[in-house]
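One-letter residues, chain by chain:
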Amino acid sequence: MPYKNRRSSYSTFILIFVALKIVLNLFAISNFGFHRDELLHLVLGDHLDWGYKEVPPFIALLAKITLNIFGDSVFAARIFSTIASGFIVWLTGQITAELGGRRFAITLACLALIFAPAFAASGYLFQPVVFDQLWWVVTVWLFIKYLNTATVKYLYWLGVAVGIGMLTKYTMAFFTASLIIGILISRERKLLFNKHVVYSALLAILIFLPNIIWQFVHHLPVIHHMKELRETQLDYIHPSDFIKQQLLVNGPALFVWLAGFISLLFSFRLRRFRFMAIAYVLIFLFLLQMNGKIYYLFGAYPMLFAAGGFTFERILNRKAYILRTATVLLFVVPNVLLLPLVLPILPLNSTVAFIKHTTERYTFLQFLVTWEDQKQHPLTQDYADMLGWDEMAKKVGDTYHALTPEQQKHTQVYADNYGEAGALHHYRKKYKIPDVTSLNSSFQLWAADSLNAHYIIYVDDDDNVERRLSPMLESYRKTGEVLTPLAREKGTRIYLLTNPSPKLNEVYKAELAKKRLQ
């Protein structure tokens, strides 16, 4: 069908699926509590800069807007994530239409995406992941619009999208490179041979430049972060697990994106869009080689779902209503039934029971409850990371308010990891406690220059007080412990350290100086 003759009225139809995605997120948006990573990202909003130890600055800007406009609740924190998820669905429908798909193609592509476990799990938390996916999909849509229209404005918008995408997550660079190589390999390479492509690339670099400068000023912390990530997490990911999980994370919707992938490679009707399949292969191989986490690749699936919707629409005759309905039900309903595994739409106890029953019955799903420690647990790691933070902050508050007003003037609060520090920062006003100091993650960028107070409330997740610090203290006592069942922080202890020796401050300063050079 000639591009100029394609109907443009599908936008209203696609909004149905956008609304469905938003409503689905609303069922889960306030459940369980803040995720560990969400607490860190909200803190970044109080320390705006052009970069951080583990992420580029886009998430911090969203955090600042969230806290100033929507408030500091769990619901507020996840508003932008829900909006981004809706846009991903919208763009998936639009890409399907750009490929030549009609209502059935759009329906299948959008429903497959909405209920796929990968996108249900990653589309509601306030993390860079969902925004990274959004910029990947925006980039694909703009490439296709330029391919279909040869209108130069899409190239410039593409430069903007890539630049902002790089300010969101560095994986955007690898995906963009994969798309460009895919086009250069395809027959459409001639569309890239013009000055506007160069100007678009320069625009992307200009947008991303402040973060590049920040990285060099701060001794390229991204390199140290990636090294640390590889040593603590990525080295435990085996290539066979990565491949297997990519085949499992979308559930039965696998057959939708797989059909799209095959069609992009071999179908005559989709030959102009073959670069998308090539890009998927390239980014897949790159992440496989780099021991990437499974969710790093999620942003590449919406374009394949779009192609899959188009493929099934071509295969199934328009009058085969029963067969088309059966196809949608076959690829979508099983994922609907699995939703509580990845989206907290049930109460906690019901979720635990559901996960136990499901993973025992379908053992191939046990990877969902296998944490970074490579052990299986009653909850997914994401769910466990949403529990216990308020309790922890309250017990720190109880410890602080048990001191006299004079003692409180000479008290500091310290936390071992960024989740604990993020929780104490977030709840500091509620429980009226001093702001926290930590040397973990980006907290080291604004950590106190000294740890020399007469009293230190120490949140300890690794026996640091008894094992390392006790010789440098006049005394210490445990004042609390996280007892929330199933919380990943369960067992984390709270200590009151009294009259630390100058040696403790020397150790702290040396560690702070070392980390700021990394």
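Structure first, text after, so check above.
On a predicted model such as this, the values are computed, not experimentally measured, just so you know.

Engineer: Hey, could you run me through the overall build of the protein in this one?
Structural biologist: Looking only at helices and strands, the protein has 25 helices and five strands in total. On C-alpha atoms alone, the protein measures out to a radius of gyration of 25 Å, which is about the 24 Å that the 2.2 N^0.38 rule sets for 518 residues. Projected onto the principal axes, the alpha-carbon positions of the protein cover approximately 80 × 55 × 40 Å. Among the 518 residues that make up the protein, the fraction classed as buried is 55%. Restricting to contacts in the protein with at least 6 residues of sequence separation, those with at least 24 account for 77%. Side chains of the protein carry 51 positive and 37 negative charges; the gap between the two charge centres is 16 Å.

Engineer: What is the right way to read the nonpolar core from this model?
Structural biologist: Judged by nonpolar contacts, the single largest core of 149 residues is most densely connected at Tyr280 and Phe305. Examining the composition of this core, we find that 13 residues originate from one element, helix α8 (residues 128-149), more than from any other. Leaving out residues up to four positions away in the same chain, Phe305 has contacts with Ala109, Ala112, Leu113, Ala116, Phe119, Asn250, Ala253, Val256 and Trp257. Grouped together as the second largest cluster of nonpolar side chains are 15 residues, Tyr414, Tyr458, Val465 and Leu469 included.

Engineer: How do you make sense of the packing of aromatic side chains when you look at a structure like this?
Structural biologist: Aromatic ring pairs are reported here in terms of the distance separating the ring centres and the angle at which the planes meet. Tallied over the entire structure, the rule returns 29 aromatic pairs. With 5.3 Å between their ring centres and 80° between their planes, Phe13 and Phe17 make a pair best called edge-to-face. Of this pair, Phe13 and Phe17 both sit in helix α1 (residues 10-28), four residues apart, roughly one helical turn. Assigned by exposure class, Phe13 and Phe17 land together as buried. Note on Tyr414 and Tyr508: the rings are 6.4 Å apart at their centroids and 80° apart in plane angle, and the pair reads as edge-to-face. Highlighted residues: Tyr414 in strand β1 (residues 411-415) and Tyr508 in helix α25 (residues 502-516), separated in sequence by 94 residues. Grouped by ring-pair contacts, the aromatic residues Phe242, Trp257, Phe261, Tyr280, Phe284 and Tyr301 constitute a single cluster. Just above the ring of Phe13 sits the side chain of Arg103; from NZ or CZ to the centre is 4.7 Å.

Engineer: What's the story with the side chain of His426 in this structure? I'm lost.
Structural biologist: Structurally, His426 is set in helix α22 (residues 418-426). Side-chain polar atoms of His426 contact the backbone oxygen of Asp72, separated by 2.9 Å. Other than its neighbours up to four places away in sequence, His426 contacts Phe34, Leu39, Leu42 and Asp72.

Engineer: Sorry if this is basic, but what is going on with the environment of Lys409 here?
Structural biologist: Within the fold, Lys409 resides in the loop between α21 (405-408) and β1. You can call Lys409 exposed: its relative accessible area is 64%. Residues Lys409 and Ala453, spaced 44 residues apart in sequence, show a C-alpha to C-alpha distance of 9.0 Å.

Engineer: How do you make sense of helix α15 (residues 274-289) when you look at a structure like this?
Structural biologist: The α-helix winds at 3.6 residues per turn, so residues separated by three or four positions along the chain end up facing the same way. Helix length check: α15 (16 residues) gives 23 Å between terminal C-alpha atoms against 22 Å at 1.5 Å per residue, within 8%. Phe275, Met276, Ala277, Ile278, Ala279, Tyr280, Ile283, Phe284, Leu287 and Leu288 are the residues of α15 that are buried. Asn291 sits one or two positions beyond α15 and adopts a positive phi of about 55°.

Engineer: Sorry if this is basic, but what is going on with a positive patch on the surface here?
Structural biologist: A cluster of basic residues, Arg187, Arg189, Lys190 and Arg271, forms a positive patch on the protein surface. On the secondary structure map, Arg271 appears in the loop between α14 (254-266) and α15. Of the residues examined, Arg271 reaches a relative accessible area of 31% and is grouped as partly exposed.

Engineer: What am I meant to see in the environment of Ile144 here?
Structural biologist: If you trace the backbone, Ile144 turns up in helix α8. The exposure class assigned to Ile144 is buried, which follows from its relative accessible area of 0%. Taking C-alpha positions, Ile144 is 9.1 Å from Tyr154, a pair spaced ten residues apart along the chain. Contact partners of Ile144, with chain neighbours within four places excluded, come to Ile95, Glu98, Leu99, Phe273, Phe275 and Met276.

Engineer: Is there a simple way to think about the pattern of salt bridges in this case?
Structural biologist: Pairing is possible between side chains of opposite charge, provided their charged atoms come close. Per the stated rule, a full pass over the model turns up 18 salt bridges. As a salt-bridge pair, Lys356 and Glu360 come within 3.0 Å of each other at their nearest N and O atoms. One end of the pair, Lys356, and the other, Glu360, are both in helix α18 (residues 348-361), four residues apart, so they sit about a helical turn from each other. Here Lys394 ties to Asp398 by a salt bridge, and the two come within 3.2 Å at their closest N and O atoms. In this pair, Lys394 and Asp398 are both assigned in helix α20 (residues 389-401), four residues apart and thus about one turn of the helix distant. Among the residues examined, Asp398 registers a relative accessible area of 43% and is labelled partly exposed.

The rules behind these values
- Numbering of residues begins from 1 in every chain and follows the order in which that chain's sequence is written.
- This being a predicted model, a pLDDT of at least 70 is required before a residue's local features are given, and a value of 80 or more before pairs of side-chain atoms are given or counted; all residues contribute to the totals for chains, interfaces and linings.
- Side-chain measures were taken over the full set of non-hydrogen atoms in the model, leaving aside hydrogen atoms and water.
- For the purposes of this entry, the term helix denotes a DSSP run of H or I that reaches at least four residues, the term strand denotes a run of E that reaches at least two, and both are numbered from the N terminus.
- Restricting the calculation to C-alpha atoms gives the radius of gyration, and the globule rule supplies 2.2 Å times the number of residues raised to the power 0.38.
- Exposure categories follow from relative accessible area, calculated using a 1.4 Å probe and restricted to protein chains: below 20% of the type maximum is buried, above 50% is exposed, and the middle band is partly exposed.
- Whether two residues are in contact is decided by their heavy atoms, any of which lying within 4.5 Å being enough.
- The charge count includes Lys and Arg as positive and Asp and Glu as negative, but it does not include His or the ends of the chains.
- Think of each charge as sitting on NZ of Lys, CZ of Arg, CG of Asp or CD of Glu.
- Only buried Ala, Val, Leu, Ile, Met, Phe, Trp, Tyr and Cys residues count toward a nonpolar core, and they belong to the same one when joined by side-chain atoms within 4.5 Å.
- Any Phe, Tyr or Trp ring, taking Trp's six-membered ring, that has another such ring centre within 6.5 Å forms a pair; planes under 30 degrees apart are called stacked, those over 60 apart edge-to-face, and the others tilted.
- Either the NZ atom of lysine or the CZ atom of arginine qualifies as a charge over a ring when it sits within 6 Å of the ring centre and within 35 degrees of the ring normal.
- Pairs of N or O atoms within 3.5 Å make up the polar contacts considered here, provided that, within protein, one atom can donate a hydrogen while the other can accept it, and that residues adjacent in sequence are counted only when both atoms are side-chain atoms.
- Here the expected length of a helix is defined as 1.5 Å per residue gap, with one fewer gap than residues.
- Like-charged residues are merged into a patch within 9 Å and nonpolar side chains (Val, Leu, Ile, Met, Phe, Trp, Tyr) within 5 Å, provided each residue has over 30% relative accessible area and no salt bridge.
- Areas reported here follow the Shrake-Rupley algorithm with a probe of radius 1.4 Å; residue values treat only the protein chains shown as occluding.
- A carboxyl oxygen of Asp or Glu within 4 Å of a side-chain nitrogen of Lys or Arg is what we treat as a salt bridge.

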